[in-house]
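# Structural overview for review
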Amino acid sequence: MDSNSFLDTTSTNWTLIVTVASAVFALIGAIASHLETRRQEKIRVETLRMHVDGASLDWGSQAIDTLGRVAMFARTRRSQANDQAFNNNKVNLMMQLSSVIERGRMYFPNIDPSGKGAEKDGAYRGSRPPILDALVFSYYELEALTREGGPTGDNSAVFIDECRRLVVSELQAHTDPRRRDMIVGRYDKQRRVHRDEARSRAQSIRNRLKARRPQLEFETGDETDEYERAAE
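Described in the following lines is the structure provided in the data block. Computed from a prediction, not measured in an experiment: that's the story for all the values here.

Another aspect to go through is the packing of aromatic side chains. Under the defined criterion, the tally for this structure stands at 4 aromatic pairs. With 5.4 Å between their ring centres and 45° between their planes, Trp 59 and Phe 108 make a pair best called tilted. A residue pair is termed long-range when its members are at least 10 positions apart, and Trp 59 in helix α1 (residues 3–75) and Phe 108 in the loop between α2 (83–104) and α3 (130–144) qualify at 49 residues. Residues Trp 59 and Phe 108 agree in their burial class; the two are buried. An angle of 25° between the planes, with centres 5.1 Å apart, marks the rings of Phe 73 and Phe 86 as stacked. One end of the pair, Phe 73, is in helix α1; the other, Phe 86, is in helix α2, with 13 residues separating them in the sequence. Each of the two residues, Phe 73 as well as Phe 86, counts as buried. Members of the aromatic cluster, joined through ring pairs, are Trp 59, Tyr 107 and Phe 108.

Right under this line is the structure:
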């Protein structure tokens, strides 16, 4: 092999090596860019979720405070100055509770919206989640509360306190920091099991409410109650 052939071969080999190396570096760069893009997307999704969780906590704090005032109002119902004062305070609390319930639909939409209630507006199709059930049941209890007669004030307050505990438990589960990294699988099997347990507990409270306040007609065949009809 003469010197010219050797130089030509060497040049060709180096060109091939440089080409292959460039391709390898380009592939590594593309993979690194893809991984960084995915990482940034996860960060954006998690940041959005944290904002939503923060807003949910703000709403939940108001819901808990409102239920606390409703429970105290029930305990002190006979301490109201007169019937007018009782009714004024009751109406104000009902308005606050109703507002909390409707705003809660922004964070806790109905379950299985395609399953029933197709004739309703979108936010009212399906079944309420347990956290909103607890608030609605408290609304019914407050609505039926009188200054005299019926269950005792403490009895009503205990019922409302149980509803408040369900709200706290559901809110805590909704924002559980141990599962904040489960962005895509937020409603995985574990979540569904918890939701089923919460729905069972809410149904138990509903049954007790019906037993406590038999005069209330808040359920029909499609589970559309008076509260939801008034809200539509």
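After presenting the structure, the write-up continues.
A few words on the environment of Ala 63. Inspection of the secondary structure puts Ala 63 in helix α1. Overall, Ala 63 belongs to the buried group, its relative accessible area being 0%. Excluding residues within four positions of it along the chain, Ala 63 makes contact with Val 100 and Leu 135.

With that settled, the discussion passes to the pattern of salt bridges. Scanning the model with the defined rule gives 10 salt bridges in all. Ionic pairing is found between Arg 164 and Asp 161, a salt bridge with its closest N-O pair at 3.5 Å. Residue Arg 164 and its partner Asp 161 are both found in helix α4 (residues 153–174); the two are separated by 3 residues, about one turn of the helix. Here Glu 162 and Arg 208 are joined by a salt bridge, their closest N and O atoms 2.3 Å apart. With Glu 162 in helix α4 and Arg 208 in helix α5 (residues 189–212), this residue pair connects regions lying 46 residues apart in the sequence. A relative accessible area of 32% places Arg 208 in the partly exposed class. Three or more residues joined by partner-sharing salt bridges are found here, namely Arg 75, Asp 154, Asp 161 and Arg 164.

What counts, and at which threshold
- Residues numbered from 1 in each chain as written.
- Predicted model: local features only at pLDDT ≥ 70, side-chain atom pairs only at ≥ 80, totals over all residues.
- Heavy atoms only, no water.
- Phe/Tyr/Trp six-rings, centres within 6.5 Å; stacked < 30°, edge-to-face > 60°.
- Helix = DSSP H or I, 4+ residues; strand = E, 2+ residues; numbered from the N terminus.
- Buried < 20%, exposed > 50% of the residue type's maximum accessible area, 1.4 Å probe, protein only.
- Contact = heavy atoms within 4.5 Å.
- Salt bridge = Lys/Arg side-chain N within 4 Å of Asp/Glu carboxyl O.

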